[in-house]
Amino acid sequence: MRRSNVYDCTVVELDKHHAPQGNISVVEGGRTVPFSVKRVYYLYDVPGGESRGGHAHKTLSQLMVAVNGSFRVTLDDGNVKRTFILDRPYQALYIKPGIWRQLDNFSSGAVCMVMASELYDEDDYIRDYDEFLKYEKIIS
């Protein structure tokens, strides 16, 4: 298995269509992102000063978008950290497996929608940072 790094993760521009009645952005599994979307969830009403994430996935890929408001995403591959500000509903962050993620600095009313390549599987999560660093050394 090839080890991912933070530079494999990137902002994806979603299709954005303008109309007098409003805008629409489209995400299509296998087209917009290189995986079929098997699960969608969203975070909202995150209290000021709180953070989310704080984990990595062994095999799951994600596409993360701020459908309302803004928040910061810090990605960490065990060697390098990279920070993104998500604040546009037509931009999404593609996160590959094996990357630690931390979300914070949520604006009031922020909504983070996540599209995942797999169904929920607790065994896919690495929730302890020291365990993550050990895992990264094993797969390197």
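Analysis parameters
- Residues numbered from 1 in each chain as written.
- Predicted model: local features only at pLDDT ≥ 70, side-chain atom pairs only at ≥ 80, totals over all residues.
- Heavy atoms only, no water.
- Salt bridge = Lys/Arg side-chain N within 4 Å of Asp/Glu carboxyl O.
- Helix = DSSP H or I, 4+ residues; strand = E, 2+ residues; numbered from the N terminus.
- Pairing = 2+ DSSP bridges.
- Buried < 20%, exposed > 50% of the residue type's maximum accessible area, 1.4 Å probe, protein only.
- Contact = heavy atoms within 4.5 Å.
- 1 Å grid on protein atoms, 1.4 Å probe; cavity = no way out; pocket = protein on both sides within 12 Å on 5 of 7 lines; lining within 4 Å.
- Points joined across faces, edges and corners; volume = space filled by probe spheres on them.
- Nonpolar A, V, L, I, M, F, W, Y, C, P; charged D, E, K, R; others polar.
- Phe/Tyr/Trp six-rings, centres within 6.5 Å; stacked < 30°, edge-to-face > 60°.
- Lys NZ or Arg CZ within 6 Å of the ring centre and 35° of its normal.

**Let's talk about the pattern of salt bridges**
1) Next: A full pass over the atoms with the stated rule returns 7 salt bridges.
2) Next: Of the charged contacts in the structure, one is a salt bridge between R31 and E28, with a shortest N-O distance of 3.3 Å.
3) Next: Note that D104 is salt-bridged to R72, the shortest N-O span being 2.7 Å. Here D104 is found in strand β10 (residues 100-104), whereas its partner R72 is found in strand β7 (residues 71-76), with 32 residues between them in sequence.

**Examining the sheet that holds strand β8 (residues 81-86)**
1) Next: Reading across from one edge, β8-β7-β10-β5-β12 is the order of the 5 strands in this open sheet, with antiparallel pairing throughout. Two strands bound the open sheet, and with one partner strand each, they are β8 and β12 (125-126).
2) Next: In this structure, β7 lies alongside β10, joined through 5 bridges in antiparallel fashion. Along β10, the bridge assignment pairs V73 with L103.

**Some remarks on the environment of L60**
1) Next: Turning to its location among the elements, L60 is positioned in the loop between β5 (52-57) and β6 (62-68).
2) Next: A relative accessible area of 3% places L60 in the buried class.
3) Next: Sequence-wise, L60 and D121 are 61 residues apart; in three dimensions their C-alpha atoms are separated by 9.3 Å.
4) Next: If we skip the residues at most four places from it in the chain, L60 touches I95, K96, P97, A116, S117, E118 and D124.

**Regarding the layout of surface pockets**
1) Next: Roughly 160 Å³ of volume is contained in the largest pocket.
2) Next: If you trace the largest pocket, you find it lined by Y41, L43, R52, G53, H55, Q62, M64, R101, L103, V114 and Y125.
3) Next: Among the elements of the structure, β4 (39-44), β5, β6 and β10 are those that each provide at least two residues to the lining of the largest pocket.
4) Next: Broken down by class, the residue content of the lining of the largest pocket amounts to 6 nonpolar, 3 polar and 2 charged.

**Notes on the environment of T32**
1) Next: Tracing the sequence through the fold places T32 in the loop between β3 (24-26) and β4.
2) Next: The class for T32 is buried, based on a relative accessible area of 19%.
3) Next: Between the C-alpha atoms of T32 and A92, which are 60 residues apart in sequence, the distance is 9.9 Å.

**Let's talk about the packing of aromatic side chains**
1) Next: Scanning the entire structure with this criterion turns up 7 aromatic pairs.
2) Next: The interplanar angle of 50° and the centroid separation of 5.6 Å between the aromatic rings of Y120 and Y125 together place this pair among those described as tilted.
3) Next: Using a relative accessible area of 46% as the deciding quantity, one classes Y120 as partly exposed.
4) Next: Members of the aromatic cluster, joined through ring pairs, are W100, Y129 and F132.
5) Next: The ring of Y90 has K16 sitting right over it, with the charged end atom 3.7 Å from the ring centre.
6) Next: Across from the ring centre of Y125, 4.0 Å away, lies the NZ or CZ of R127, which sits over that ring.

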